[in-house]
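What the coordinates show
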Amino acid sequence: MKAITFKQTGGIENLKMEDVAVPDIKANEVLIQTKAIGINQIDTFVRKRPELVPIFLSPAPGQDTFILGWDISGVVTATGAHVTQFKKGDEVFGLVNFKGQGNAYAEYVAAPAGHLALKPANISHEEAAAATLAALTAWQSLVHVAQLQKGEKILIHAAGGGVGHYAVQIAKWLGAYVVANVSTSKIEFVKQLGTDEVIDHTQLKFEEKITNADVVLDPIVGDHVLRSMDALKKGGRLVALMSFLNEPAITDKIKEKGITALRHDVASSGEDMQQIANLLAGEQLRSHIAARFAFADLPQAHKAVEDGSTTGKIVVTI
């Protein structure tokens, strides 16, 4: 089968198309013929930064070649001995082995059945592949971590991006009052998603407009969370996706405002994927795909993600 591998961290030129063996499956796994792959910022980070390889890929001793990617949608072609929930021919999607080696950049993927859900019939493989890591991050952050309640006010940063556009829709489904913080070019897009209020961060500091949020979802790197805490009411909840919360200035402000501040790392979960599948099937959740790339052009998909201005998601089709 064809797969896109890398041996050395660095630029997109290190991503190479190669012939590799079709993977064997374990008793709890299914073999999937891949139809679409979702590309995320973390894919590009791991490709570029050698210090992230052991954290996100857990290399086997002596391993020097890797297949990136975790987001897939495709068709089951074989099932392991212990798999009962899927059969050959089923269309499935999911976040595979995160953190670990999902090996999604390949024509066939061995995936734990417990990381997958049936793809709703009303969406494409591209829409399904998009709604894996990003949608799961939004779901887990709002439902499990923040425990967002009906009527609460939530501020969502980068609301027009991959995680953000799912978070807006999930928050609205939960009955929250949603404030989206975006750049000028994404204002109309997030309005169409149903936001109650929009802040253009190129024109206004969000913490000058919002000071009474119950929850803030912050996917921004660094001390941006200090500003997010200014937007929270006393006793509010902050969910940080890309920032650590142990810096003195951050811990001081947490204590000062009585904030519950939590960092969330998404985890593979078939149960949560089923919740995403239900929302997609009921059209309460939609994937917005900014661009589609052919498998051979996957390095260019990385480049598009690295640009940082994507509205919605980037996907690759096989």
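Just above sits the structure.
The rules behind each value
Residues numbered from 1 in each chain as written. Predicted model: local features only at pLDDT ≥ 70, side-chain atom pairs only at ≥ 80, totals over all residues. Heavy atoms only, no water. Helix = DSSP H or I, 4+ residues; strand = E, 2+ residues; numbered from the N terminus. Rg over C-alpha atoms; globule rule 2.2 N^0.38 Å. Buried < 20%, exposed > 50% of the residue type's maximum accessible area, 1.4 Å probe, protein only. Contact = heavy atoms within 4.5 Å. Areas by Shrake-Rupley, 256 points an atom, 1.4 Å probe, with all protein chains shown as cover. Lys, Arg positive; Asp, Glu negative; His and termini not counted. Charge placed at Lys NZ, Arg CZ, Asp CG, Glu CD. 1 Å grid on protein atoms, 1.4 Å probe; cavity = no way out; pocket = protein on both sides within 12 Å on 5 of 7 lines; lining within 4 Å. Points joined across faces, edges and corners; volume = space filled by probe spheres on them. Nonpolar A, V, L, I, M, F, W, Y, C, P; charged D, E, K, R; others polar. Expected span 1.5 Å × (residues − 1). Axes fitted to C-alpha atoms, helices over the stretch in contact; angles between N-to-C directions. Parallel < 35°, antiparallel > 145°, perpendicular 65-115°, else oblique. Left-handed = near helix turned anticlockwise from the far one by under 90°.

A short note on the overall build of the protein
The helix and strand inventory of the protein stands at 11 helices and 16 strands. Taken over the C-alpha trace, the protein has a radius of gyration of 20 Å; the compact-globule value for 318 residues is 20 Å, and the two agree within 12%. Relative to its 318 residues, the protein shows a buried fraction of 55%. The contacts in the protein between residues at least 6 apart in sequence include a share of 66% that link residues at least 24 apart. Carbon and sulfur atoms make up 50% of the accessible area of the protein, which totals about 13300 Å². Between the mean site of the 31 positive side-chain charges and the mean site of the 35 negative ones, the protein shows a separation of 3 Å.

Brief notes about the layout of surface pockets
Considering only enclosed or pocket space, the largest pocket measures out at about 1300 Å³ in volume. In terms of lining residues, the largest pocket is bounded by 48 residues, among which Gln41, Ile42, Phe45, Pro219 and Met242 are the most central. Here the lining of the largest pocket is built from residues that sort into 24 nonpolar, 18 polar and six charged. Space inside the second largest pocket adds up to approximately 300 Å³. Around the second largest pocket, the lining comprises 19 residues; the ones closest to its centre are Pro23, Asn97, Gln101, Asn103 and Ala110. At the level of elements, β4 (66–67) and β7 (108–112) are the ones that each hand at least two residues to the lining of the second largest pocket.

Quick word on helix α5 (residues 162–173)
With 12 residues, α5 should reach 16 Å at 1.5 Å per residue; the first-to-last C-alpha distance of 18 Å fits that figure. The buried fraction of α5 amounts to nine of the 12 residues, a majority that puts the element mostly inside the structure. Listing the buried residues of α5 in full gives Gly162, Gly164, His165, Tyr166, Ala167, Val168, Gln169, Ile170 and Ala171. Directly beyond the C-terminal end of α5, a positive phi value near 95 degrees is found at Gly175.

What about the environment of Asn246?
Within the secondary structure, Asn246 is located in the loop between β13 (232–240) and α9 (248–257). Overall, Asn246 belongs to the exposed group, its relative accessible area being 58%. The spatial distance from the C-alpha of Asn246 to the C-alpha of Glu197 is 31 Å, given a sequence separation of 49 residues.

Side note on the packing of helix α4 (residues 133–145) against α5
The N-to-C vectors of α4 and α5 enclose an angle of 45 degrees; their axes lie 8 Å apart at closest approach. Comparing their axes, α5 and α4 come out oblique. Here the hand of the crossing between α4 and α5 comes out right-handed. Facing Ala134, Ala135, Thr137, Ala138, Trp139 and Leu142 of α4, the residues of α5 in contact are Gly162, Val163, Tyr166, Ala167, Ile170, Ala171 and Trp173. In terms of residue class, the contact of α4 with α5 is made up of 11 nonpolar, two polar and no charged.

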